[in-house]
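Breakdown of the fold
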Amino acid sequence: MLRDIQQSHGALRLTELHRFTDPAEAAASLTLREGNPQALDFYLDHGRVHVGDIATTTEDAFSAWVSDRAAGLDAIMIAPTRQLVAQLNRRARAHRLDHCAATPEVPLADGNQASVGDVIITRRNDRRLRLTATDWVKNGDRWMITHIGKHGDLTVRHTRSHLTVRLPIDYVRESTGLGYATTIHAAQGVSADTMHGLLTGQESRQQLYTMLTRGRHVNHLYLQVVGDGDPHTVIRPQAISPRTPTETLQQIIARDEAPVSASTVLRELNDPAARLFQAVQRYSDGLHVAAEQLVGPKAVAELDRADQYIPGLTTEPAWPTLRAHLLALAAETGKHPLRHLLTAASGRDLETAGHVAAVLGWRLTALAPTDPGPLPWRPGIPPRVHADPVWGPYLARRSQFVADLADQVQDHVCQGDGPPSWATARDLPTALVREIAVWRAANGINPQDPRPTGGGGELDTAAALWKQRLDRQIAPSTDSSGNDIFGRPPALRRSHYHSRRPYQTPGQRPNGPAAPGR
């Protein structure tokens with residue numbers, strides 16, 4: 001509801017953060033909260049992202065936590081699952097007890113045991129457990145146990161304020177747990193000097209923001225970027241063609257799971273940019289299904305056995321795109337899809353091709369008849385499909401709907417108070433801004449992404465060529481000082497990112513700052 005009020009009437013916003021000791025990290029957290037991928041620059045450039053398999057990243061996070069604790073810092077570990085949190089908590093407590101004498105223990109609500117000297121976390125607000133006249137025990141507070149009563153009650157000292165309180169046994173058994181590590185959801189409200197958090201790549205922007213705003217001095221991420229050892233996951237696309245750490249983090253930022261009201265949903269559904277993405281997907285899917293039905297199940301089954309002609313072809317990431325292209329050509333020409341495949345394969349040697357399916361897709365572009373569609377990079381309706389009494393009228397309406405929405409997007413982008421955020425730093429012609437707006441909407445590019453045509457490679461040849469065309473038109477308008485890299489040739493762009501992305505290897509242990517006052 002508050003977001004709806006802000007959208008309709010505007011609102012004042014708090015913009016100055018006092019949690020962080022580094023103003024640059026405070027600014028990065030605000031950029032992250034808004035979903036802007038540029039927020040990653042701070043964390044990547046300052047060596048805050050560490051990569052590896054789940055076992056390596058877990059070990060690195062724990063070792064860094066031990067190092068920070070030895071330096072006198074209040075450090076916290078954050079993990080995506082309760083099982084991993086329980087493992088880290090038990091390991092942290094065992095490490096503490098290595099050089100300590102045995103003392104009485106008390107059971108906590110999370111199933112762990114605790115003794116004097118352990119850090120615990122409280123999970124329920126209780127105004128009856130007062131610290132001062134204006135402070136009480138709250139969810140997310142972290143404490144060190146200083147005394148265990150004979151009935152199991154605890155005397156604890158707050159890790160930040162150092163105020164003490166007595167927790168009765170009922171509260172201890174129902175609403176406490178070890179506080180060395182916690183889940184992302186349970187970390188809301190937690191404050192520490194340093195944070196070491198584990199990521200799988202499936203988290204949302206809100207979870208990433210929560211994780212990266214727990215530490216006052218330093219926040220480190222440990223990202224899983226390789227397989228988990230399960231043989232059943234070896235054939236998944238992300239294992240065959242893994243994403244870079246930057247791409248994985250960008251996907252997390254783009255994954256917005258904030259709850260929305262019915263009013264927000266209605267407003268977004270009426271936004272032509274939001275509707276265009278879904279309309280394009282439905283039009284493209286309709287073309288593929290129609291082509292598959294017209295070609296026939298026998299020819300489709302024979303195409304799916306293309307590995308007997310080009311080994312390993314159907315396991316490549318670009319195979320679904322190539323398959324759809326072959327079926328569309330078969331529906332348009334009336335020839336068997338394998339004939340088009342073998343014609344493209346006979347053009348030049350494929351031995352040196354890193355991705356055969358992608359190379360064949362590019363070659364098929366020269367074989368495909370020029371048939372304009374509702375968007376410059378989307379194919380039109382093949383004549384045989386257009387003549388079909390069912391698919392013809394349906395796809396014609398879909399195509400017209402896409403074209404109408406594209407016109408609305410072009411009109412809408414020029415009606416605001418100023419140019420879009422991705423165009424403010426560039427002197428782009430109005431016609432180019434309109435074309436880019438359609439491209440972004442049709443491909444579902446995050447509105448906060450400052451790159452005009454977005455990032456990532458296009459598997460579809462026509463779309464990749466259109467993106468290159470737009471990038472070439474953008475290039476003359478970019479900052480000649482070199483501050484804008486989006487108009488650079490791909491090779492220079494890659495070298496720029498590689499020179500500014502010092503990912504931490506498993507052998508490099510991240511070190512937190514020295515303890516305040518030491």
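Scroll up a little and you will see the structure.
Summarised in this report is the structure supplied together with it.

Thresholds, definitions, all that
Residues numbered from 1 in each chain as written. Predicted model: local features only at pLDDT ≥ 70, side-chain atom pairs only at ≥ 80, totals over all residues. Heavy atoms only, no water. Helix = DSSP H or I, 4+ residues; strand = E, 2+ residues; numbered from the N terminus. Buried < 20%, exposed > 50% of the residue type's maximum accessible area, 1.4 Å probe, protein only. Contact = heavy atoms within 4.5 Å. Areas by Shrake-Rupley, 256 points an atom, 1.4 Å probe, with all protein chains shown as cover. Pairing = 2+ DSSP bridges. Axes fitted to C-alpha atoms, helices over the stretch in contact; angles between N-to-C directions. Expected span 1.5 Å × (residues − 1). Arc of directions from axis to C-beta. Core = buried A, V, L, I, M, F, W, Y, C linked by side-chain atoms within 4.5 Å. Salt bridge = Lys/Arg side-chain N within 4 Å of Asp/Glu carboxyl O. Phe/Tyr/Trp six-rings, centres within 6.5 Å; stacked < 30°, edge-to-face > 60°. Left-handed = near helix turned anticlockwise from the far one by under 90°. Nonpolar A, V, L, I, M, F, W, Y, C, P; charged D, E, K, R; others polar.

This next bit is on the overall build of the protein. Each helix and strand in the protein was counted, giving 20 helices and 14 strands. Residues classed as buried in the protein amount to 44% of the 518 residues present. In the protein, the proportion of contacts linking residues at least 24 apart, taken out of those at least 6 apart, comes to 66%. By element, 53% of the accessible surface of the protein is carried by carbon and sulfur atoms, the whole surface being about 26,700 Å².

In this section: the sheet that holds strand β5 (residues 119-122). One key point about sheets: their strands pair by backbone hydrogen bonds, in either a parallel or an antiparallel sense. Strand order in the open sheet formed by five strands is β10-β9-β8-β5-β11, with antiparallel pairing between adjacent strands. Lying at the two open borders of the sheet, with one neighbouring strand each, are β10 (164-167) and β11 (176-178). Averaged over neighbouring strand pairs, the angle between their axes works out to 40° when direction is ignored. Relative to strand β8 (residues 142-148), β5 runs antiparallel, the two being bridged by three bridges.

Our next topic: helix α5 (residues 82-97). An α-helical turn contains 3.6 residues, so any two residues separated by three or four positions project in the same direction. Taking 1.5 Å as the rise per residue, α5 with 16 residues should run 22 Å; its terminal C-alpha atoms sit 22 Å apart, in good agreement. Regarding α5, the residues found buried are Leu84, Val85, Leu88, Asn89, Ala92, Arg93 and Arg96. Buried residues of α5 fall within an arc of 165° about the axis and therefore sit on the same side. Against the buried residues of α5 lie α4 (54-70), β2 (75-79), β4 (113-114), β11, β12 (181-183) and β13 (192-199).

Below, the discussion takes up the nonpolar core. Counting 58 residues, the largest nonpolar core has Leu276, Leu313, Leu322, Leu341 and Leu360 as its most contacted members. Mapped by element, the contributors of at least two residues to this core are α11 (272-295), α12 (297-303), α13 (319-333), α14 (337-345), α15 (356-367), α17 (391-413), α18 (430-442) and α19 (461-474). Sequence-distant contacts of Leu341, defined by excluding residues within four places in its chain, comprise Ala306, Ile310, Leu313, Leu322, Leu326 and Leu360. Judged by nonpolar contacts, the second largest core, of 34 residues, contains Phe62, Ala64, Leu84 and Tyr171.

Scanning all chains against the criterion turns up 22 salt bridges. Glu59 is the salt-bridge partner of Arg91, the closest N and O atoms lying 2.9 Å from each other. In this pair, Arg91 is assigned in helix α5 and Glu59 in helix α4, connecting sequence segments 32 residues apart. On the basis of relative accessible area, Arg91 is assigned to the partly exposed category, the value being 30%. The exposure class of Glu59 is partly exposed, given its relative accessible area of 31%. A salt bridge links Glu435 to Arg469; the shortest N-O distance between them is 3.0 Å.

This part covers the sheet that holds β13. The strand order β1-β14-β13-β2-β12 describes an open sheet built from five strands, whose pairing is parallel. Of all strands in the sheet, those bounded by a partner on one side alone are β1 (49-52) and β12. Here the strands of the sheet are splayed against their neighbours by 25° on average, with no regard to which way each runs. Bridging between β1 and strand β14 (residues 215-224) involves four bridges; their strand directions are parallel. Note that in β14 the partner of Gly52 across the bridge is Gln224.

This paragraph deals with the side chain of Thr213. As for its position among the elements, Thr213 is in the loop between α7 (205-211) and β14. According to the relative accessible area criterion, Thr213 is buried, its value standing at 4%. Discounting chain neighbours no more than four positions away, the residues touching Thr213 are Arg19, Phe20, Ser29 and Asn219.

Of all eight residues in β13, eight are buried; the element is thus mostly enclosed. Relative to β13, β2 is paired through four bridges, and the arrangement is parallel. Residue pairing in the sheet places Ile76 in a bridge with Met195 of β13. Where β13 meets β14, seven bridges bridge the pair, whose relative direction is parallel.

On to the packing of aromatic side chains, then. Scanning the model with the defined rule gives six aromatic pairs in all. Ring centres 5.6 Å apart and planes at 80° place the aromatic pair Trp65 and Tyr180 in the edge-to-face group. Separated by 115 residues along the polypeptide, Trp65 in helix α4 and Tyr180 in the loop between β11 and β12 bring together distant segments of the chain. For Trp65, a relative accessible area of 3% gives the class buried.

This brings us to the environment of Val190. With respect to the helices and strands, Val190 occurs in the loop between β12 and β13. Spatially, the C-alpha atom of Val190 lies 9.7 Å from that of Met211, the residues being 21 residues apart in sequence. With residues near it in sequence (within four places) discarded, Val190 still touches Arg19, Ile76, Ile121, Gly140, Arg142 and Arg214.

What follows concerns the environment of Leu395. Secondary-structure assignment places Leu395 in helix α17. With 111 residues separating them along the chain, Leu395 and Ser284 place their C-alpha atoms 9.3 Å apart. Beyond its immediate stretch of four places on either side in the chain, Leu395 contacts Tyr283, Gly286, Leu287, Ala290, Ile381 and Val385.

Turning our attention to the pairing of β2. Taking burial as the measure, the five residues of β2 include five buried ones, the bulk of the element. The pairing of β2 with β12 spans three bridges and is parallel. When the sheet's bridge partners are listed, Ile78 is paired in β12 with Thr182.

Closest axis-to-axis distance for the α18/α19 pair is 11 Å, and the angle between their directions is 145°. Helix-helix and strand crossings are classified by hand; for α18 and α19 the assignment is left-handed. Of α19, the residues touching α18 (which contributes Leu432, Glu435, Ile436 and Trp439) are Ala463, Trp466, Lys467, Arg469, Leu470, Gln473 and Ile474. Split into classes, the residues belonging to the contact of α18 with α19 amount to seven nonpolar, one polar and three charged.

Turning to its location among the elements, Gly177 is positioned in strand β11. Judged by relative accessible area, which is 5%, Gly177 ranks as buried. It is 5.8 Å that separates the C-alpha atoms of Gly177 and Ala109, two residues lying 68 residues apart in sequence. If near-sequence neighbours (up to four positions away) are discounted, Gly177 is found in contact with Leu108, Asp110, Val119, Ile120 and Ile121.

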